[in-house]
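Chain by chain, the residues:
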Amino acid sequence: MPAPTHLDPRLLRAFVTVAEELHFTRAAARLYVAQQALSRDVRRLEREVGAELFVRTTRQVTLTADGERLLPYARRVLTAQEELLAAFGQARPLLVDLNSPGLGTPRQVLHRARELAPEHELMARYESGLTGAAGELLAGRLDASFGRFAGLEPALRAQLEHQLVRYEPMAIVLPEDHRLVSLEAVPLAELAGETVYAGAGNPRTPEWTDLARRLFEGRGIEIAPPLPLAVGDEEFERIMAKTRSPVLAVVDFPDMPRTVRRPLVDPVPLSPVSLVWRKGLVHPAFDALRRAAAGLAAEEGWLRLPVGGWIPAIDKRLPNVQK
């Protein structure tokens, strides 16, 4: 069969997505197309290149040798297409996960990036947890997120890059009649014997629970057992009011009814917040997002460690910026 003279990038994108998922149903969901349409596109590409690209059985999908050979070329073509469109101002919106609507650090970075790149569209998304967002980043449904990079599984970290933005002081959210509300700042030793909610059991936020476990270790503070997963601020507030557990948070955590937020001290625990993105991301607004994060960190002193500051050893070992 003669070599093809033209390959539709849409067919290459279908092929690459199936190659990454090795599952037609998941690949179709990722591309927002019907599975039958995706299968047709893959068969058409196979006809055009004159080779079988996948071995399909009822149990699994695997790449053939020809599929393995095509994959790096297809990725390069798609990357070049994105770069070409970006160069001529036809880029899609940059999708930035802010984790939660009330958190200040990601919101400030996004607002600054919009000022730096007013000609581009930067859209906020809310995935509630870096681990949850990581899957969306790798699937191409998000471009960037924020959170504790060291708390991700090594397999996820290997596919992502990060830039440290802030060591964010941590706080405790207390019921308004709790014994510690009279304190302007709560020493960690005062939480000995308490059971504190830190997202245990939430599959989207294990990096936060891990941070709490490392902070509480040896201090007599227990992590509250898993609770029903609350979606939305109203449900979270209702569950917290019902359990009356103190909540581990950061200093700019949004206010909740009938609660008081107090900073933690002795030591001052810090939550390392990074800007996180998938490797190979190309978008004309992404540079503005990174410059916004670096600029705010410098202006606000976000990366200065306070006297008596605490961060986990694993976070200290990671480089602050990966390129």
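Residues numbered from 1 in each chain as written. Predicted model: local features only at pLDDT ≥ 70, side-chain atom pairs only at ≥ 80, totals over all residues. Heavy atoms only, no water.

Asker: Explain the overall build of the protein chain here, please?
Answerer: For the protein chain, the helix and strand inventory stands at 11 helices and 13 strands. Classification of the 323 residues of the protein chain by burial places 46% in the buried group. Counting only contacts in the protein chain whose residues sit at least 6 apart along the sequence, the fraction spanning at least 24 positions is 75%. Positive and negative charge centroids in the protein chain, built from 41 and 41 side chains respectively, lie 4 Å apart. (Helix = DSSP H or I, 4+ residues; strand = E, 2+ residues; numbered from the N terminus. Buried < 20%, exposed > 50% of the residue type's maximum accessible area, 1.4 Å probe, protein only. Contact = heavy atoms within 4.5 Å. Lys, Arg positive; Asp, Glu negative; His and termini not counted. Charge placed at Lys NZ, Arg CZ, Asp CG, Glu CD.)

Asker: Can you walk me through the pattern of salt bridges in this structure?
Answerer: Applying the stated criterion across every chain, the model contains 21 salt bridges. Where Glu127 meets Arg204, a salt bridge forms, and the shortest distance between an N and an O atom there is 2.5 Å. With Glu127 in the loop between strand 4 (122-125) and helix 6 (130-139) and Arg204 in the loop between strand 8 (195-196) and helix 8 (206-216), this residue pair connects regions lying 77 residues apart in the sequence. Taken together, the salt bridges that share partners define one network made up of Arg148, Asp210, Arg213, Arg214 and Asp315. (Salt bridge = Lys/Arg side-chain N within 4 Å of Asp/Glu carboxyl O.)

Asker: Would you take a moment to explain the packing of helix 2 (residues 24-31) against helix 3 (residues 35-49) for this structure?
Answerer: A pair of packed helices is characterised by two quantities: the angle between their axes and the separation of those axes. Relative orientation of the contacting elements helix 2 and helix 3 amounts to 100°, with a least axis distance of 9 Å. Considering the angle they form, helix 2 stands roughly perpendicular to helix 3. Contact residues: Phe24, Thr25, Ala27, Ala28 and Leu31 in helix 2; Gln35, Leu38, Ser39 and Val42 in helix 3. Tallied by class, the residues present in the contact of helix 2 with helix 3 amount to six nonpolar, three polar and no charged. (Axes fitted to C-alpha atoms, helices over the stretch in contact; angles between N-to-C directions. Parallel < 35°, antiparallel > 145°, perpendicular 65-115°, else oblique. Nonpolar A, V, L, I, M, F, W, Y, C, P; charged D, E, K, R; others polar.)

Asker: Hey, could you run me through the nonpolar core in this one?
Answerer: Side chains of nonpolar character tend, in soluble globular proteins, to be buried together. One finds Leu94, Val96, Val109, Leu122, Phe146, Leu275 and Leu289 to be the most contacted residues of the largest nonpolar core, which totals 22 residues. Those elements that provide at least two residues to this core are strand 3 (94-97), helix 5 (104-116), strand 5 (144-147), strand 12 (268-278) and helix 10 (286-300). Per-element tally for this core: the top contributor is helix 10, with six residues. For Leu275, the residues in contact, after removing those within four places along its chain, are Ala144, Ser145, Phe146, Glu161, His162, Gln163, Val165, Leu289, Arg290 and Ala293. (Core = buried A, V, L, I, M, F, W, Y, C linked by side-chain atoms within 4.5 Å.)

Asker: Can you walk me through the packing of aromatic side chains in this structure?
Answerer: Aromatic ring pairs: the centre-centre distance and the angle between the two ring planes describe each pair. Within this structure, the stated rule accounts for three aromatic pairs. Judged by centre distance (5.5 Å) and plane angle (55°), the rings of Phe15 and Phe54 are tilted. Placement of Phe15 in helix 1 (residues 9-21) and of Phe54 in strand 1 (residues 54-56) is noted, with a sequence separation of 39 residues between them. Judged on exposure class, the residue Phe15 and its partner Phe54 are both buried. Between Phe24 and Phe54, the aromatic rings sit 6.1 Å apart at their centres with planes inclined by 70°, giving edge-to-face as the arrangement. Placement of Phe24 in helix 2 and of Phe54 in strand 1 is noted, with a sequence separation of 30 residues between them. Overall, Phe54 belongs to the buried group, its relative accessible area being 0%. (Phe/Tyr/Trp six-rings, centres within 6.5 Å; stacked < 30°, edge-to-face > 60°.)

Asker: It is not clear to me how helix 6 should be interpreted in this structure. Could you clarify?
Answerer: Structurally, the α-helix is built with 3.6 residues per turn, so residues lying three or four positions apart point the same way. Taken together, the buried positions of helix 6 are Leu130, Gly132, Ala133, Ala134, Leu137 and Ala139. At the C-terminal side of helix 6, Gly140 shows a positive phi close to 85°.

Asker: Sorry if this is basic, but what is going on with the environment of Leu45 here?
Answerer: Topologically, Leu45 is positioned in helix 3. C-alpha separation for the pair Leu45 and Arg157, spaced 112 residues apart in sequence, amounts to 33 Å. With sequence-adjacent residues up to four places away left out, Leu45 is seen in contact with Leu7, Leu11, Leu12, Phe15, Leu53 and Leu70.

Asker: Can you walk me through the packing of helix 1 against helix 2 in this structure?
Answerer: At a minimum axis distance of 8 Å, the contact between helix 1 and helix 2 shows a crossing angle of 130°. One finds that helix 1 runs oblique with respect to helix 2. Of the two elements, helix 1 crosses helix 2, and the hand of that crossing is right-handed. Each of Arg13, Ala14, Thr17, Val18, Glu20 and Glu21 in helix 1 lies in contact with helix 2, whose residues at this interface are Phe24, Arg26, Ala27, Arg30 and Leu31. For the contact of helix 1 with helix 2, the residue count by class is five nonpolar, one polar and five charged. (Left-handed = near helix turned anticlockwise from the far one by under 90°.)

Asker: Help me understand the pairing of strand 4, please; the structure alone is not making it clear to me.
Answerer: Remark: a regular strand shows side chains that alternate across the two faces of the sheet. Here strand 3 pairs with strand 4 via four bridges, running parallel. Paired with Leu95 across the strands is Met123, a residue of strand 4. Each parallel crossover has a hand, and the one from strand 3 via helix 5 to strand 4 is right-handed. (Pairing = 2+ DSSP bridges. Right-handed = clockwise from strand over helix to strand, strands pointing away.)

Asker: Please clarify how helix 10 should be interpreted in this entry.
Answerer: Taking 1.5 Å per residue, 15 residues should reach 21 Å; helix 10 reaches 21 Å between its end C-alpha atoms and fits that length. In this structure, the buried residues of helix 10 make contact with strand 3, helix 5, strand 4, strand 5, strand 6 (160-175) and strand 12. Gly301 lies just past helix 10 and shows a positive phi near 70°. (Expected span 1.5 Å × (residues − 1).)

Asker: Would you mind going over unusual backbone geometry with me for this structure?
Answerer: Across the chain, the bulk of peptide bonds are trans and the bulk of non-glycine residues have phi less than zero. Residue Pro267 is reached from Asp266 by a cis peptide bond, and omega for that bond is 0°. Mapped onto the elements of the fold, Pro267 is located in the loop between strand 11 (259-265) and strand 12. Although it is not a glycine, Asn99 sits at a positive phi angle of roughly 75°. Mapped onto the fold, Asn99 is located in the loop between strand 3 and helix 5. Asn99 gets classed as buried once you look at its relative accessible area, which sits at 18%. The phi torsion at Ser128 lies on the positive side, around 55°, for a residue other than glycine.

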